[in-house]
Every structure is written in structure tokens, then in C-alpha cells.
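Observations on the three-dimensional arrangement
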Amino acid sequence: MGGPRRLLLVSNSTLHGGGYLGHCQQHIKSFLGEKVKRVLFVPYALHDRDGYARTAREKFESLGYGLDSIHESSDPVEAVRKSEAIFIGGGNTFRLLKALYDNSLIQEIRKRVLEDGIPYMGSSAGTNVATISINTTNDMPIVYPPSLQALGLVPFNINPHYLDPDVKSTHMGETREERIRQYHEEPNTPPVLGLREGAMLLVEGDKATLQGVTGARLFLRGKKPTEHEPGTDFSFLLIDSNLQNL
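First things first, this report covers the structure right here in the doc.

Thresholds, definitions, all that
Think of each chain on its own: its residues are numbered from 1, step by step along the sequence as written. Reporting in this predicted model follows two pLDDT cut-offs: at least 70 for local features of residues, and 80 or more for side-chain atom pairs to be given and counted; totals over whole chains, interfaces and linings ignore these cut-offs and use all residues. Here the side-chain values reflect all heavy atoms present in the structure, with hydrogen atoms and water set aside. Secondary structure elements are defined from DSSP: runs of H or I of at least 4 residues count as helices, runs of E of at least 2 residues count as strands, and each element is numbered from the N terminus. Think of it in three bands: residues with accessible area under 20% of the maximum for their type are buried, residues over 50% are exposed, and the middle band is partly exposed, with areas taken using a 1.4 Å probe on protein chains only. Any two residues having at least one pair of non-hydrogen atoms within 4.5 Å are treated as being in contact. Each accessible area value is a Shrake-Rupley result obtained with a 1.4 Å probe; residue values ignore everything except the protein chains displayed when judging cover. None of His or the chain ends enter the tally, which takes Lys and Arg as positive and Asp and Glu as negative. Lysine's charge is taken at NZ, arginine's at CZ, aspartate's at CG and glutamate's at CD. Classification of ring pairs rests on two measures: the distance between centres of Phe, Tyr or Trp rings, Trp counted by its six-membered ring, which must be within 6.5 Å, and the angle between planes, read as stacked under 30 degrees, edge-to-face over 60 and tilted in between. For two strands to count as paired, DSSP must find a minimum of two bridges between them. In this analysis an axis means a line fitted to C-alpha atoms, helices contributing only their contacting stretch, and an angle means the value between N-to-C directions, from 0 to 180 degrees. Under this definition, polar contacts are N or O atom pairs within 3.5 Å; protein pairs additionally need one hydrogen-donor-capable and one acceptor-capable atom, and for neighbouring residues in sequence, both atoms have to be side-chain atoms.

**Details of the overall build of the protein chain**
- A count of helices and strands for the protein chain gives 7 helices and 11 strands.
- A principal-axis box enclosing the C-alpha atoms of the protein chain has dimensions of 45 × 35 × 35 Å.
- Across the 246 residues of the protein chain, 52% fall into the buried class.
- Partitioning the intrachain contacts of the protein chain with sequence separation of at least 6 by distance along the chain shows that 68% fall at a separation of at least 24.
- Roughly 11600 Å² of accessible area belongs to the protein chain as shown, and the carbon and sulfur atoms make up 50% of that amount.
- Taken as two groups, the 27 positive and 29 negative side-chain charges of the protein chain have centres that lie 2 Å from each other.

**Structural notes on the packing of aromatic side chains**
- Evaluated as defined, the whole model comprises 5 aromatic pairs.
- Aromatic pair F234 and F236: ring centres 6.1 Å apart, planes at 55°, arrangement tilted.

**Considerations on the sheet that holds strand β9 (residues 207-212)**
- The 7 strands are arranged β3-β2-β4-β5-β1-β8-β9 in an open sheet whose pairing can be described as mixed. Two strands in the sheet have a free side with no partner beyond their single neighbour: β3 (66-69) and β9. Across the sheet, the axes of successive neighbouring strands diverge by a mean angle of 20°, strand direction being ignored.
- Bridge count between strand β4 (residues 86-88) and strand β5 (residues 120-123): 3 bridges; the pairing is parallel.

**Some details on the side chain of H228**
- Secondary-structure assignment places H228 in strand β11 (residues 226-228).
- Separated by 2.8 Å, the side chains of H228 and T226 make a polar contact.
- Not counting the four nearest positions on each side in its chain, H228 is found in contact with L210, G215, A216, L218 and F234.

Shown next, in the form of C-alpha cells:
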């Protein structure tokens, strides 16, 4: 097949007031197009894989696509090798990444996406594992993957479900911005794109564009965070993961 990488990295599966993937279903149809007939779903982020697969299958079939869940395959590696498109759903990022390592899927997915050019869609945890590492996930480490290094389909980090500080809140815990700043106190840490719920990043080859109904906040090490609206060109993030050294 071949071709440039094609990624749709969604912040969240469900937006307040809507159904599963309802807020991004038109983006999904545009992204997958008419050539893709079946999608390989990876439900590893949730414990109830059967129930998760039913939910995803119902949605994708309503959009005109068949869906096979990788947990139903006797050979997950072969399922990836035969896949036309891959969708990794949300849940716990640590559980997801451990399962990808346990099933020897990291390099297989990288090859299919980066070398063979099949479309990759991630939501929440599935977006986290598409990046260089899961260091900026919001999840609790309920299991221990062999590494925090992830698929590396893009050379930066994403923080899905990014939340702005609530000025009226009496909560004294750290804000999301403070946690990302702590991450950037460590040396050689890459940019972090905070995707608010309702936002998504479309990557086509060397072009990255912010899409959706909400904006994003970009964090570069040693610099003030910047605000960005849908339509923003983030292609520069794909060039070099050490932009904080500029």
C-alpha cells in the first residue's frame, strides 16, 4: 500500500451531550474515506473488552465500516499485519500500553502506520500511545508496562482531556498546567500539546492541523504556554521533538 502517515488523534471519545464518537464522526468518515472497508479496533485500555468492542462496532457500522476487535483474534500480530486501518480506544493508558508490549504490537503497528501508510485513529489513551511516550497521560499507573515509551508516531507528547484551571474552584491540587510544567523541568522533554475535549489533531504526512470544536494549549520547555484555535497548523511539531531548545 505505502504512503505517508495518516493519523487522527482525538482528545476524547464522548463529548458532553453527545454519544460515543458522535462529535467526531464526520471527521472519521472523511479520514477513513471510501477505500477502507474494515477497521481493526484495539480495546485493551478497558477491562471489558467484549463490551467495548460492541460499542465501537455499533458506531463504526453506523458509519459504513466493518470492525474487527483485536482481542477476538488468535494472532494479534497477524491481525495488525492484515489490517486496513487501526483504531485504539480510550481507557487506562498504562493498561493499554502494557497490553501492546505483551502482545508484541509496538513495532508491528509502527510499521503498518509509518511504512505501509494505513490510517491510525486514537482516542484519549489511544491518542496518548500514538505519541513518543505516555508521560503526560492523566491516568493512574494501575499496571506497569515495561517502558513508558509508546508508538512514537509523532515526536511529541499529547495531554488529552486538557483542563483549564477553574478560577472558582477551592481545590488545592495541582492544575494540569502545573503538572505539564513539572514534566518540562526534566531535561530534554519534548513539546506537550494539551487537547481540550472536542479537539483532535489530523496528521497527513508532514502536515498536522488542529481540528474540532475547541482549541488546544501548547507547552514548550522553558517557554510560556500558547493558545491555539481549530485550524492551527502544527506541522512544525513533526519536524523536531527538541523544539524547546530553540
